[in-house]
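A structural walkthrough
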Amino acid sequence: MTFQSLKALPSPEWSSDVVEDVAYSGDEVVRMTGKSRIFFFALVAAGGGALFVYLNGVPATVSRALTSGETSKIAPMPPPPPQVPVAEVVTRVIARSSEFTGAVAAAKTVELRPRVGGTLESVSVPEGGLVERGQLLFQIDPRPFEVALQNAEAQLQRAEVLLSQAETDLDRSQRLAPSGVISGKTHDDALSRKRERQAQVLEARAAVAAARLDLSYSRVTAPIAGRVDRVLVTEGNLVTGASGAAATLLTTIVSVDPAYVYFDIDEPTYLSFLSQTRPKAVGRKGTSFLVEVGLATESGYPHSGTLDFLGNRIDRSTGTIRARAVLANPEGRLTPGLFARVKLATSAPQETVLIDDQAIGTDQGHRYVLVLGAGDKVEYRPVELGAMNDGLRAIASGLNPGDTIIIKGLVRPGMQVTPNRIAMALDQRSVNGVANGKTQAARR
């Protein structure tokens, strides 16, 4: 309703505190009391003030559009490119290698058994400790062997006396035979008797040597230097001596330095590398293949050695061939039976690209890396992985020296990003982190 005019209509009949206003629109007339008039004008004033404040709070163009009844859409501001950590690839001169699993073995293993039987008189085995070659470990009662030696020596003396008598008889027959005092047969018998006595002396000497050897065998010593196991037979027990497995097992000894590591090489590696160089490798001087070994709790491959044995056939049940590496083990840390990680160098040293493992993605079984391209745009790059080297993954193909890759982040190829450059190596990151922390502390 539009009020065209307001007119006071005083009347003698109305009370003094009541005033009526008349507003009309066309033929309609509205009468309001004084209180209604005050409320009406307050409502109109509040609405106009609110509209004024709202129009002053928006841009002029929007105000004009709103006042003119026009509508328009305001385009949203595009989000900034996401910030992602990037790093330049590391380039080092290393040899391409393959990794295998194996086990440590002793170069020499001895089951210590006595060669002669008897009663153990004493045991001086440092169980679990190191022994030197020739060190006394068990002592068998030597008295029976001493008696046997004395008997053999007496038999030798008797044989020597008989030999001396035979030589004297032969000399006498040789002087008398030419004059015909004795017959020729007597001379021949004296010669035969001398030769027999000589054989008896040799036999007696052999018996003495055997008795002396048995006496020495009563001292059971370490045949090799190494680490000895626990004692299986204590003193006071009767042991059996023999040349085979029938002899009583006393203990075992394994050599310490050097140590062997046995591992199995897969058929593709053998065909691509070792089969071509095998005639010049194992068993020939001047050519060796570097082998690096790490134990289960060690990081990297701190032990190094060379390949010294390669089997003569492929095992068809596993598709592998047995290989062996020999390593120096002066401290004895490589205990036989330990699990070992083996890295075998399969090429000459060459320039190789290394990256952090967390930058590698998988796409339907294929490996890829996101590279920072021109204009800070993300590029997709398929790669072929190699072995680990000092915490970084070697890249056989797909990346070039100088490339900058995205370490991590939810980005896709073709997207523009804001690079945050960091170091590729973990040790450099820690150093940089400490330096940044010191700088921030100094600023505070």
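This is a predicted model, so every value here is computed, not measured. (Residues numbered from 1 in each chain as written. Predicted model: local features only at pLDDT ≥ 70, side-chain atom pairs only at ≥ 80, totals over all residues. Heavy atoms only, no water.)

Oppositely charged side chains are able to pair whenever their charged atoms sit close together. Tallying each qualifying case throughout the model produces 14 salt bridges. Note that Arg 113 and Glu 111 form a salt bridge whose closest N and O atoms lie 3.0 Å from each other. The partly exposed category is assigned to Arg 113, whose relative accessible area is 25%. Its salt-bridge partner being Arg 205, residue Glu 160 comes within 4.0 Å of it at the nearest N-O pair. Here Arg 205 lies in helix H4 (residues 184-217) and Glu 160 lies in helix H3 (residues 143-176), a separation of 45 residues in the sequence. The class of Glu 160 is partly exposed, set by a relative accessible area of 35%. Arg 205 gets classed as partly exposed once you look at its relative accessible area, which sits at 46%. Through salt bridges with shared partners, one network takes in Glu 379, Arg 381 and Asp 403. (Salt bridge = Lys/Arg side-chain N within 4 Å of Asp/Glu carboxyl O. Buried < 20%, exposed > 50% of the residue type's maximum accessible area, 1.4 Å probe, protein only. Helix = DSSP H or I, 4+ residues; strand = E, 2+ residues; numbered from the N terminus.)

To continue, consider the sheet that holds strand S8 (residues 130-131). Spatial strand order, S6-S13-S11-S8: 4 strands in an open sheet with antiparallel pairing. Sheet topology places strand S6 (109-112) and S8 at the edges, where each strand pairs with a single neighbour. Strand direction decides the pairing type here: strand S11 (residues 226-228) and strand S13 (residues 251-254), joined by 2 bridges, are antiparallel. Paired with Arg 227 across the two strands is Val 254, which belongs to S13. (Pairing = 2+ DSSP bridges.)

Once that is clear, we can look at the packing of aromatic side chains. Tallied over the entire structure, the rule returns 3 aromatic pairs. When the ring of Tyr 260 is compared with that of Tyr 262, the centres are 6.2 Å apart and the planes differ by 85°; the resulting orientation is edge-to-face. The exposure class of Tyr 260 is buried, given its relative accessible area of 17%. Both rings, one in Tyr 368 and one in Tyr 380, keep their centres 5.0 Å apart while their planes meet at 25°; by these two values the pair is stacked. Linking Tyr 368 in strand S20 (residues 366-372) with Tyr 380 in strand S21 (residues 378-382), this pair joins segments that are 12 residues apart in sequence. By relative accessible area, which is 37% here, Tyr 380 ends up partly exposed. (Phe/Tyr/Trp six-rings, centres within 6.5 Å; stacked < 30°, edge-to-face > 60°.)

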